[in-house]
Amino acid sequence: MPPYLLGLRLSGRRVIVAGGGRVAQRRVPTLVAAGADVTVISPEVTPSLEDLVTQGSIRWERRRFAGGDCAGAWLVQACTGDPEVNAVVAAEAEAAQIWCVRADDAEASAAWTPATGVVAGTTVGVLGGGDPGRAAGIRDAVVEGLRDASLETRHSRHKPSGVALVGGGPGDPDLITVRGRRLLALADVVVTDRLAPRVLLDELAPDVEVIDAAKIPYGRSVSQQRINELLVEHAKQGRFVVRLKGGDPFVFGRGAEEVLHCVRHGIPVTVVPGITSAVAVPSAAGIPVTHRGVAQEFHVVSAHIAPEAPGSTVDWAALGRSNGTLVLLMAVERMSLIAATLMRYGRSSDTPTAVIQDGTLPGQRALTATLGTVVEEMTSHGVRPPAIVVVGDVVDVAREIDMIRADMGQGP
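By convention here, each chain's residues receive numbers from 1 onward along its written sequence. Only residues with pLDDT of at least 70 get local features here, since the model is predicted, and only at 80 or more are side-chain atom pairs given and counted; chain-wide, interface and lining totals rely on the full set of residues. The side-chain values count all of the structure's non-hydrogen atoms but skip hydrogen atoms and water molecules.

Draft legend 1. Quick look at the overall build of the chain. The secondary structure content of the chain amounts to twelve helices and 17 strands. When we talk radius of gyration, it's over C-alpha atoms, and the globule rule is simply 2.2 Å times the number of residues to the 0.38. The C-alpha radius of gyration computed for the chain amounts to 28 Å, which surpasses the reference 22 Å derived for 412 residues by more than 25%, pointing to a less compact arrangement than a globule. Across its three principal directions, the C-alpha atoms of the chain cover 80 × 55 × 40 Å. Buried positions account for 42% of the 412 residues belonging to the chain. Secondary structure elements follow DSSP: runs of H or I no shorter than four residues count as helices, runs of E no shorter than two count as strands, and numbering proceeds from the N terminus. The rule is simple: take the accessible area with a 1.4 Å probe, protein chains only, and divide by the maximum for that residue type; under 20% is buried, over 50% is exposed, in between is partly exposed.

See below:
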């Protein structure tokens, strides 16, 4: 007979887990996440389970299972490594009319634990007819479909409303967050930036309205005020609006300005963080912004205003004196002045410096130089925006990695 699937609300309800080994280690966290009052009965437990005990998330009775231990439980999990003990646990639960899952014998078990996954409030449970590998594979396929919204419908009654500010990441479309991709697939309107991963727009349904709000340096642009107005206008029409931005919306993305405008007009806003290019692009080039014994701090600077020009709030003197890593955004056209300013305030002209253009994208290329030679190198290599400049000894860590790889015949 086929099993009858049922979702259990275990919050605050007693659950007994007999056994503290690897099977229990897999199952207990899910029970804790469901809010169950979990007691583990076992002479020993794994370090992960002991950590849950220390946190106060579960109770541990350090002994073997004994008669009467199932009393008051709503669910029992028999997870010991001894089939005879598991049989005793299951028999006591059966006599007390308590559902029991036997980890060692599916045929003798009164209940089965499905392969489960949770995506945005939707729980997926799959029973594979006694084949746990098959169940997990089907579960993974369904979960992935829910995560990228390929199994979602934009007409669901649970569809989000208002505006979502989604950080699209540093450029590679695979680096957008799972939640960001899911919300993008549910959008009625997408307001996109120049640096957002635009290849994702090809995946949208044909009836999704895409509004290009690119700000092209020294070229066409949509004012920030107009972008703010577009978000509110479309949201007030009952459409779900995704503001797709490059990197993270709150890192030099003017995201907070858009949130403030929306909430002032009564529009609910969801902010989905993105992977900022300030860290991701150096990483993609093999450069750690911090490294033990080399740099324990890093500074991210927007260089769209020249050093010490009116309107600049950057303390270039402090940056020149600092030993931390500098990550410079929008610095390509002002690098000559920036390098001179940093050296004037104390940075050595020999400071290792890297420039990464089109970071994380197929055309990514990087060059290394020193602070004293980087401008000449950028000119000779025809570096153009978008590019990120990294100043600091961490650049030499990437060189060391590359040298070791080359010596061992490894690829990048």
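From this point, the narrative continues.
Draft legend 2. Structural context of the packing of helix α6 (residues 224-236) against helix α7 (residues 255-264). Following both chains from N to C, one finds α6 and α7 inclined at 45°, their axes separated by 9 Å at the closest point. Between α6 and α7, the interaxial angle falls into the category oblique. Crossing angle aside, the handedness with which α6 passes α7 is right-handed. Facing Gln224, Gln225, Ile227, Asn228, Glu229, Leu231 and Val232 of α6, the residues of α7 in contact are Glu257, Glu258, His261 and Cys262. Axis geometry follows a simple rule: fit a line to the C-alpha atoms, using only the stretch in contact for helices, then measure angles between N-to-C directions, giving values from 0 to 180 degrees. Note on terminology: angles under 35 degrees are roughly parallel, angles over 145 are roughly antiparallel, angles of 65 to 115 are roughly perpendicular, and the others are oblique. Should the near helix be turned anticlockwise from the far one by less than a right angle, the crossing is left-handed, and should it be turned clockwise, the crossing is right-handed. In this description, contact between two residues means that some pair of their heavy atoms is separated by no more than 4.5 Å.

Draft legend 3. Quick peek at the environment of Asn86. Position of Asn86 among the secondary structure elements: in helix α3 (residues 83-95). For Asn86, a relative accessible area of 0% puts it in the buried group. Separated by 301 residues in the primary sequence, Asn86 and Ala387 have C-alpha atoms spaced 61 Å apart. The definition of a polar contact used here is a pair of N or O atoms within 3.5 Å, where within protein one atom must be able to donate a hydrogen and the other to accept one, and adjacent residues in sequence count solely through side-chain atom pairs. In terms of polar contacts, Asn86 uses its side chain to reach the side chain of Asp104, at 3.2 Å.

Draft legend 4. Region of interest: a nonpolar patch on the surface. Think of a patch as exposed residues, more than 30% relative accessible area, with no salt bridge, where like charges cluster within 9 Å and nonpolar side chains (Val, Leu, Ile, Met, Phe, Trp, Tyr) cluster within 5 Å. Here the open area of atoms and residues is found with the Shrake-Rupley method and a 1.4 Å probe, where only the protein chains shown may cover a residue. In the sections that follow, a salt bridge refers to a side-chain nitrogen of Lys or Arg positioned within 4 Å of a carboxyl oxygen of Asp or Glu. On the surface, Tyr4, Leu6 and Leu8 cluster together to form a nonpolar patch covering roughly 410 Å² of accessible area. With respect to the helices and strands, Tyr4 occurs in the segment before β1 (14-18).

Draft legend 5. Highlighting the side chain of Arg347. Of note, Arg347 is situated in the loop between α10 (335-344) and β15 (352-357). Buried within the structure, Arg347 lacks any salt-bridge partner; its nearest side chain of opposite charge belongs to Glu297, at an N-O separation of 6.8 Å. At 3.1 Å, the side chain of Arg347 and the backbone oxygen of Leu319 are in polar contact. Excluding residues that lie within four positions of it along the chain, Arg347 makes contacts with Leu319, Gly320, Ser322, Asn323, Gly324, Leu326, Leu342, Leu371, Val391 and Gly392. Neither His nor the chain ends is counted toward charge; the positive residues are Lys and Arg and the negative residues Asp and Glu.

Draft legend 6. Representation of the side chain of His261. Residue placement: His261 occurs in helix α7. Apart from the residues within four sequence positions on either side, His261 is in contact with Gln225, Asn228, Glu229 and Val232.

Draft legend 7. Spatial organisation of the pattern of salt bridges. For the structure shown, the criterion picks out 15 salt bridges. Linking Glu61 and Arg63 is a salt bridge whose minimum nitrogen-to-oxygen distance equals 2.4 Å. We classify Glu61 as partly exposed; its relative accessible area is 30%. Residue Arg63 is classed as partly exposed on the basis of its relative accessible area of 30%. Across the salt bridge formed by Arg239 and Glu209, the nearest N and O atoms sit 3.0 Å from each other. Of this pair, Arg239 sits in the loop between α6 and β11 (241-245) while Glu209 sits in strand β10 (residues 209-212); the two residues are 30 residues apart in sequence, bridging distant segments of the chain. Taking the relative accessible area as the measure of exposure, Arg239 reaches 22% and is therefore partly exposed.

Draft legend 8. View of the pairing of strand β2 (residues 37-41). For β2, the buried fraction is high: four of the five residues fall into the buried class. The pairing criterion for strands is at least two bridges between them, as found by DSSP. Here five bridges tie β1 to β2, and the two strands are oriented parallel to one another. Within β2, the position partnered with Val17 by the bridge is Val40. Seen with the strands pointing away from the viewer, any crossover whose path from the first strand over the helix to the second strand runs clockwise is right-handed. Chirality of the crossover, the property in question, places the unit of β1, helix α1 (residues 22-33) and β2 among those that are right-handed. Where β2 meets strand β3 (residues 59-61), three bridges bridge the pair, whose relative direction is parallel. Note that in β3 the partner of Val40 across the bridge is Trp60.

Draft legend 9. Quick peek at the sheet that holds strand β17 (residues 387-391). Strand order in the open sheet formed by five strands is β13-β14-β17-β15-β16, and the pairing between neighbours is mixed. Across the chains shown, the open sheet's two edge strands, defined by having one partner strand only, are β13 (298-302) and β16 (365-370). If you compare each strand with its neighbour and ignore which way they point, the axes differ by 20° on average. With six bridges joining them, β15 and β16 adopt antiparallel strand pairing.

Draft legend 10. Region of the structure containing the sheet that holds strand β4 (residues 75-78). With respect to topology, five strands assemble into an open sheet ordered β3-β2-β1-β4-β5, the strand pairing being parallel. Each end of this open sheet is capped by a strand with a single partner; those strands are β3 and β5 (99-102). Ignoring which end each strand starts from, the neighbouring axes of this sheet average 20° apart. Bridge analysis of β4 against β5 gives four bridges, and the strand direction is parallel. What sits directly across from Leu75, in β5, is Trp99. Packing of α3 onto the sheet brings it into contact with β1, β4 and β5, and relative to β5 it is tilted by some 165°.

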